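# Analysis of the macromolecular model
Next come the chains, spelled out residue by residue.
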Amino acid sequence: MLNEIFYQKCLGCGLRSDNNSPVCIDCMQDIEKHPYACESCGYPSSLQVKICGKCSSAIFRDRIFIPYKYQGPIKKLIKEIKFLYRASGRSILHELIDTNTLIGYDVITDVPSHFTRKIRRLKHPATDIAKSIASSTGARYDVLLARVKKTEYQYKLKRRQRAFNVKGAFTIKTDVTGLKILLVDDIITTGSTIEECSRTLKRSGASIVDVFALTGGSTK
Ligand SMILES: [Zn+2]
Ligand SMILES: [Zn+2]
């Protein structure tokens, strides 16, 4: 009876996960990290580089941390996080995120979910990740940004339309003057949403806006 209740299928392979986690031990090893990060801005790279193509386009954000490649079990994990969070989502996030490099922020905040999407979704993965980092590092979690513009889903748009789509989409909810902020999202594709959020925070007086996303970046 108890076994039935706690029976958990691994998100990676579909077999029973016996480590009381949504991803079994074998599949945990299939979750691949980016081998390098740009020495200047932190953007993931397949080679060791001092500057990268993202350095010049990141005008408002400071350092970025994207530990995992978007492939394998991590893809499913992002999709399922809203459901599994009730049971063991918190533990897997704690396990996946190395918070040693994420110390010293005044506030951990997340990219706001689209308000129409929020109704359909139980959980916004970025919020869970931000709260997980806050609890591990002892920093404060706070909602600093709100969406003011109804934007089209970014994935439906061509690369050049994406920055325009999110332009002016966010507003500040509280005073951020002088704050050192870690802005969190679950996945980063082109980075235009992150850049617009960072612009809003910096223009409102934030001193540092670093960015953390669980996965994203180049898949090469
Ligand atoms: Zn598995
Ligand atoms: Zn760079």
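Details of the structure are given in the entry above.
Anyway, here's the lowdown on the structure attached to this text. This one's a predicted model, so the numbers in the text were calculated from it and none came from an experiment.

## Comments concerning the overall build of the protein chain
Counting its regular elements, the protein chain contains seven helices and nine strands. Evaluated residue by residue, the protein chain yields a buried proportion of 48% over its 220 residues. Look at the contacts in the protein chain between residues 6 or more apart in sequence, and 69% of them connect residues 24 or more apart.

## A short note on the packing of aromatic side chains
In the structure shown here, the tally under the stated rule is zero aromatic pairs. Above the ring of Tyr105, the side-chain terminus of Lys180 is found at 5.6 Å from the ring centroid.

## Quick word on the coordination of the zinc ion (ligand 1)
Within the first shell, the zinc ion (ligand 1) binds the protein through Cys10 (SG), Cys13 (SG), Cys24 (SG) and Cys27 (SG), at distances of 2.3 to 2.4 Å. Classification of the site at the zinc ion (ligand 1) as tetrahedral follows from its four donor atoms and the range of 105 to 116° in their angles at the metal. In primary sequence terms, the donor set of the zinc ion (ligand 1) follows C-x2-C-x10-C-x2-C. Residue Cys10 is located in the loop between helix H1 (2-6) and helix H2 (25-30), and its partner Cys27 is located in helix H2; the two are separated by 17 residues in the primary sequence.

## Some points on the coordination of the zinc ion (ligand 2)
The protein atoms that coordinate the zinc ion (ligand 2) are Cys38 (SG), Cys41 (SG), Cys52 (SG) and Cys55 (SG), at distances spanning 2.3 to 2.4 Å. Geometry at the zinc ion (ligand 2) is tetrahedral, judged from its four donor atoms and the angles of 100 to 118° they form at the metal. Counting along the primary sequence, the residues that act as donors to the zinc ion (ligand 2) give the motif C-x2-C-x10-C-x2-C. With Cys41 in the loop between strand S1 (36-37) and strand S2 (44-45) and Cys55 in the loop between S2 and strand S3 (64-65), the pair connects residues that are 14 residues apart, well separated along the chain. Residue class for Cys41 comes out buried when judged on its relative accessible area of 6%.

## A few points about the nonpolar core
If you look at the biggest cluster of nonpolar residues, it comprises 28 residues, and the most contacted ones within it are Val23, Leu96, Ile108, Ile133, Phe212 and Leu214. The set of elements that each furnish at least two residues to this core consists of H2, helix H3 (73-96), helix H5 (125-137), strand S8 (180-188) and strand S9 (208-216). With six residues, the top contributor of residues to this core is H3. Not counting residues up to four positions away in its chain, the partners in contact with Val23 are Cys10, Leu11, Ser17, Met28, Ile31, Pro73, Leu77 and Ile92.

## A look at the pattern of salt bridges
For the structure shown, the criterion picks out five salt bridges. Between Glu32 and Lys69 there is a salt bridge, with its nearest N and O atoms 3.0 Å apart. You can see Glu32 sitting in the loop between H2 and S1 and its partner Lys69 sitting in the loop between S3 and H3, a full 37 residues away along the chain. A salt bridge links Glu39 to Lys50, with the nearest nitrogen and oxygen atoms 3.6 Å apart. Here Lys50 lies in the loop between S2 and S3 and Glu39 lies in the loop between S1 and S2, a separation of eleven residues in the sequence. Assessed through its relative accessible area of 60%, Lys50 is described here as exposed.

Rules of the game
Residues numbered from 1 in each chain as written. Chains lettered and ligands numbered in written order. Predicted model: local features only at pLDDT ≥ 70, side-chain atom pairs only at ≥ 80, totals over all residues. Heavy atoms only, no water. Helix = DSSP H or I, 4+ residues; strand = E, 2+ residues; numbered from the N terminus. Buried < 20%, exposed > 50% of the residue type's maximum accessible area, 1.4 Å probe, protein only. Contact = heavy atoms within 4.5 Å. Phe/Tyr/Trp six-rings, centres within 6.5 Å; stacked < 30°, edge-to-face > 60°. Lys NZ or Arg CZ within 6 Å of the ring centre and 35° of its normal. Donors = N, O, S within 2.8 Å, 3.2 Å for Na, K, Ca; no water. Tetrahedral: all angles 85-135°; square planar, octahedral: opposite > 155°, others 65-115°. Core = buried A, V, L, I, M, F, W, Y, C linked by side-chain atoms within 4.5 Å. Salt bridge = Lys/Arg side-chain N within 4 Å of Asp/Glu carboxyl O.

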